[in-house]
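So the chains spell out like this:
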Amino acid sequence: MKKHSIFFLSSMLPLVLAACGGSSSPVVTGPTTFDLGITVSGVSAAPVKVLNSAGEVKFADTVTGSKTLSALPKDKYTVVGGAVANFTAPAPVLADLGSGNGSATLVYASAAGQVLSLDKIQGVLIDPLARGADLTLFNNYTKDAQNYLTVLETVTVGLDGRFAIPLVKTPPAQEFFSFSSSECSFQGSVVGASGKVAFYSSTYLDTKNGDPIGDVYEVVAGTDAKQVIVHVYADSPQTYQGKFICKDGSVETDSVVLTTGWNALIVSRSETSTPGVFNFDYTTASPMTRVETRLVKYDQAVDIFLDPSALTLKAGGVATVNAVIYQVGGVSGKIDLRTDVPGVTVEPSSVTLPTLGTQAVPKSLAAASKKSRGLMPLSVSAQRLSTTLTFRAAPDVSAFTGTMNLIASQGGALLGKAGVALNLIIPGVTAAPQSGQTITIERGQSVAVDVQVTSRGQYSGDVQVGLEGLPEGLTATAAKVNFTGSSDPEQKSVQVTVTASGSVAGGTVPAQLVVTAGGKVTRSNLSVSVLAPAVVVNFDQADNGFMYQGQQKSLAFTVKSVHGFNTPVTLNLTGLPEGVTADPVVVPVTANQESRGVFVLRTTAGFGYGTAVLAISGNDLSSPTTPTRIEIRPATLSALSADPVKMVTAHTGVWLVGAPQADVTPGRYQVPIRRVTSSGVALNITLPTDSGYISALGSPNGDLVILGSTQILRVKDDGSSVVWTYQNMFSISSSPAVVDAQNQLWFYIFGNGYQLLKYNLDSGVVQAVRSESSNNGKTRLYRSVAGDFIYVTGTDTGSQVRQFKTATGESKLLNIPVSDVSVLAYAVSPTGSLWLKTDSSLLTLTSGGAVTSVPESSVADSMVFDGAQTLWITKKNNATLTRVDAVSQKTKTVPVGTTNESSPAAGAGLWLISAESAGSNNVYLSLIP
């Protein structure tokens with residue numbers, strides 16, 4: 001570092017004395033010159049300059065000790081001390097000679113360190129260990145994935161701690177590398193980029209015997225070793241001004257000018273945000289840079305090597321290994337040894353390491369391994385202690401397989417450790433019944449239980465096996481077996497006999513298998529199952545078919561005696577739904593024989609229909625019975641013929657309309673009509689019609705409306721009828737039609753497009769409602785129970801329905817949330833909402849257009865509301881139908897056999913015609929509540 005003298009300039013002010021008074025007064029004057037004494041302190045001599053206030057040099061010479069300058073004119077003088085090698089020049093001193101003699105003392109202080117030398121590394125090491133030690137200048141490098149180290153110079157440190165390593169040799173060719181790196185990209189200016197350099201940053205200090213002491217660095221004086229001097233040999237002139245950006249995220253900033261031969265760089269290191277990655281600054285050192293040397297001693301530690309590196313140790317046993325303990329950083333004296341495996345100790349528990357220099361071990365610097373520490377030294381170990389160590393396992397130690405560490409410490413501080421693969425085996429035995437963890441026995445029996453005994457860890461000696469914890473009425477013998485320890489593991493089998501008395505309680509009880517080996521007792525849990533006399537009960541059939549409410553059905557079952565059971569048992573039927581009963585059955589049982597019994601199911605009408613899963617309960621059952629399934633179908637009112645009929649809701653009961661039969665008069669037919677109530681047939685008549693194909697409709701007031709080709713027949717509960725005629729090119733029986741609350745028949749006809757008409761069944765007046773130019777052929781009409789709302793579905797758009805209020809004729813289009821092709825069935829609720837059924841949902845469209853949806857996955861082709869706001873979902877020929885509470889939307893599946901026809905009741909319920917099964921001629925009429 002260059003030192004610059006600092007000058008302080010001052011001006012000189014003349015002193016003028018003026019006298020007042022007349023010309024006769026005398027003029028008085030004093031001395032006009034004075035002496036200046038200069039003293040030099042801290043050095044024997046120093047160059048000195050004296051300047052007046054005008055900056056003129058009045059003296060410039062070497063002052064040895066002290067000197068007086070005489071007869072200097074009155075003034076203020078600046079005394080400047082010049083540079084003295086290895087000393088810091090003092091600040092200039094101001095001497096005022098305005099009124100008398102003056103003095104100035106220049107105090108020199110020793111400068112830190114010494115001036116950098118390019119032809120040697122020199123300094124003083126004050127640590128006593130360094131005196132007489134060897135100091136080696138080395139270089140380490142990596143080539144072809146191998147680490148190499150070469151020695152350039154080795155010198156001996158003087159007894160006063162002084163040393164000097166000459167830098168005169170040209171380094172070996174293999175140590176030269178490019179200043180740049182393939183791992184970094186340079187941004188800046190480069191001169192001589194093809195040149196190569198060899199770096200030397202530290203020296204290695206060890207004793208004459210090769211004991212490592214530490215590393216010696218040359219650092220910039222006064223920087224607290226934060227700036228390190230690196231001596232670099234360049235094979236040609238090179239200049240780098242810029243930055244190296246490296247792949248690991250580090251940045252190297254360079255302001256480097258190298259000449260051919262030896263150079264010196266100042267290197268400083270700073271941390272980055274990535275741990276272990278640093279930024280570096282490289283700057284060419286000034287010739288005046290002051291440097292000093294630092295000894296960084298190695299941390300005291302030991303390196304331990306064990307042979308063999310794998311051990312097998314038995315509980316209570318010992319194993320011996322050869323150990324070599326290398327001393328690092330000057331460690332010596334007593335060190336303590338222990339392991340990190342509980343129950344395993346080492347003998348001896350401490351060793352004493354000799355002090356440094358007491359062993360003559362050749363050093364092997366070239367074999368030292370490189371440590372990736374940036375600008376840091378290598379570390380080698382020379383002095384060592386060879387000994388024998390014994391590991392001992394306690395008798396009660398736990399098994400262990402893994403790495404055991406031998407740990408060395410001194411004064412509680414860790415010095416080092418070495419791992420050894422340890423297999424710590426524990427001699428012992430285990431036992432288990434070969435038939436599993438449950439022993440099964442009957443009353444009055446003895447069973448021999450085979451127990452497999454396994455020894456491990458080369459156990460030798462007797463082993464006793466027995467059972468404990470048995471309740472009263474159970475006893476067991478003990479068995480003994482001997483192991484020699486000749487193999488590991490070793491297996492043998494013994495028999496333990498268990499005996500049950502004739503009165504022992506049945507059931508499963510816990511017990512323990514007890515193994516005694518080598519004075520150690522181990523227990524394992526098992527259970528003993530006493531098979532008490534009992535019965536096994538099973539239905540004859542897993543599926544007992546069906547029964548109708550109001551009927552009886554027999555369910556047969558078998559009762560089998562096991563383990564000698566021979567007393568009657570009382571059995572009950574469980575899982576019975578509402579309205580279904582069955583009396584308990586007492587079955588006599590003969591020991592080890594099979595008996596039979598029958599439950600009689602009785603049902604009453606009501607809501608107890610559905611599918612039931614029944615089981616048998618009772619005392620002395622050895623295991624739960626396998627359940628049986630049965631359908632409880634709604635009660636039937638009467639049997640019907642298999643002839644097809646149409647069902648229409650009547651004011652009281654239901655209309656059953658048979659197929660038209662040809663009359664003797666050509667073109668005329670007779671229609672058989674019955675009105676049936678829950679009490680039986682209330683009306684049985686035959687009425688004429690003009691078509692063999694008819695459509696039967698119900699009206700809100702319960703009248704039956706039959707549509708023929710041109711004839712409209714209206715029938716009241718008492719059988720009286722009115723006939724109206726409507727002429728059209730197509731039969732009106734094929735038109736979608738409903739009857740509203742005003743007793744008007746709404747229907748579609750084809751003529752001049754599609755027309756929706758209303759036919760007054762009281763007056764016979766026909767009124768057009770609306771005309772449509774096209775129709776997709778899917779149009780259907782649905783009315784509410786009271787007939788005050790009518791919905792038209794299947795419009796051209798496929799995503800809208802038209803709603804009519806029948807009292808006013810007001811209509812509007814409403815959007816439906818699904819395409820009509822995905823709708824399985826429609827129904828209009830008593831409140832005027834339209835309900836839609838899809839494969840997976842039940843949707844509600846209010847008269848105002850709001851939509852709600854609930855999951856519902858039953859099959860359907862028809863939906864109707866009864867007079868009590870219950871929704872019924874049916875499908876032709878299906879085995880079940882679904883009942884939905886329109887308020888709570890709770891559903892119930894109703895088994896019916898096979899659905900033929902259905903119609904809602906005027907009050908609560910659904911009129912149904914069903915067959916026992918598909919294709920059956922057993923057909924019934926039911927009113928399902």
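Note that the structure is a prediction, hence the values are computed from the model and not measured.

**Concerning the pattern of salt bridges**
Okay, so step 1: According to the stated counting rule, one finds 18 salt bridges in the structure shown.
Okay, so step 2: Lys 58 is the salt-bridge partner of Glu 56, the closest N and O atoms lying 3.6 Å from each other.
Okay, so step 3: A residue is classified by how much of its surface remains accessible, and Glu 56, at 43% relative accessible area, is partly exposed.
Okay, so step 4: Here Asp 583 ties to Arg 602 by a salt bridge, and the two come within 3.5 Å at their closest N and O atoms. Taken together, the residues span a long stretch of sequence, with Asp 583 in the loop between strand 48 (580-581) and strand 49 (585-587) and Arg 602 in strand 50 (residues 594-603) at a distance of 19 residues.
Okay, so step 5: Accessibility expressed as a relative area gives 32% for Arg 602, which makes it partly exposed.
Okay, so step 6: Each of Asp 543, Arg 629, Glu 631 and Arg 633 takes part in salt bridges that share partners, so that together they form one network.

**With respect to the sheet that holds strand 28 (residues 318-328)**
Okay, so step 1: Spatially, the four strands line up as an open sheet ordered 26-28-32-30, and their pairing is antiparallel. Pairing within the sheet leaves two strands with one partner each, and these edge strands are strand 26 (301-307) and strand 30 (344-347). Going from strand to strand, the sheet's axes swing by 35° on average, the running direction of each strand aside.
Okay, so step 2: Pairing between strand 26 and strand 28: seven bridges, direction antiparallel. Across the sheet, Phe 305 pairs through a bridge with Val 324, a residue of strand 28.

**Here we look at the state of the cysteines**
Okay, so step 1: Across all of its chains, the model carries one disulfide by this definition.
Okay, so step 2: Two residues share a disulfide in this structure: Cys 184 and Cys 246, whose sulfurs sit 2.0 Å from each other. Linking Cys 184 and Cys 246, the disulfide has an S-S dihedral of approximately 100° and is accordingly described as right-handed. One end of the pair, Cys 184, is in strand 16 (residues 184-191); the other, Cys 246, is in strand 21 (residues 238-246), and 62 residues separate them in sequence.

**Thoughts on the confidence of the model for the protein**
Okay, so step 1: Scored by pLDDT, the protein comes out at a mean of 86, with 92% of its residues at no less than 70.
Okay, so step 2: In the model of the protein, strand 18 (residues 202-206) stands out as the element of lowest mean pLDDT, 73, in contrast to strand 63 (residues 737-739), which has the highest, 96.
Okay, so step 3: Throughout residues 1-25 the model reports pLDDT below 50, and contacts reaching past four residues in sequence, or to other chains, amount to 27 contacts.
Okay, so step 4: This stretch, residues 358-381, has a pLDDT under 50; its non-local contacts, to residues over four places away or in other chains, come to 56 contacts.

**Some words on the pairing of strand 22 (residues 251-258)**
Okay, so step 1: Covered by surrounding structure in strand 22 are Glu 252, Asp 254, Val 256 and Leu 258 only, the residues Val 251, Thr 253, Ser 255 and Val 257 on the alternate face being uncovered.
Okay, so step 2: Pairing of strand 21 with strand 22 involves eight bridges; the strand directions are antiparallel. Residue pairing across strands places Tyr 240 opposite Val 256, the latter belonging to strand 22.
Okay, so step 3: Linking strand 21 to strand 22, which pair antiparallel, is a turn of four residues; within it Gly 249 sits at a positive phi near 95°.
Okay, so step 4: Both strand 22 and strand 24 (residues 278-284) contribute to a ladder of four bridges, which runs parallel.

**A closer look at the sheet that holds strand 40 (residues 479-483)**
Whenever strands of a sheet pair, they do so through backbone hydrogen bonds, lying parallel or antiparallel.
Okay, so step 1: Reading across the sheet, the five strands line up as 36-43-42-38-40 and stay open at both edges, with mixed pairing between neighbours. The open sheet terminates on both sides in strands that have one partner only, identified here as strand 36 (438-442) and strand 40. Across this sheet, the average inter-strand angle for adjacent strands is 30°, counted without regard to direction.
Okay, so step 2: Pairing of strand 36 with strand 43 (residues 520-531) involves five bridges; the strand directions are parallel. Directly across from Thr 438, in strand 43, lies its bridge partner Ser 527.

Rules used in this analysis
- Residues numbered from 1 in each chain as written.
- Predicted model: local features only at pLDDT ≥ 70, side-chain atom pairs only at ≥ 80, totals over all residues.
- Heavy atoms only, no water.
- Salt bridge = Lys/Arg side-chain N within 4 Å of Asp/Glu carboxyl O.
- Buried < 20%, exposed > 50% of the residue type's maximum accessible area, 1.4 Å probe, protein only.
- Helix = DSSP H or I, 4+ residues; strand = E, 2+ residues; numbered from the N terminus.
- Pairing = 2+ DSSP bridges.
- Axes fitted to C-alpha atoms, helices over the stretch in contact; angles between N-to-C directions.
- Disulfide = S-S within 2.5 Å.
- pLDDT = per-residue confidence, 0-100.
- Contact = heavy atoms within 4.5 Å.

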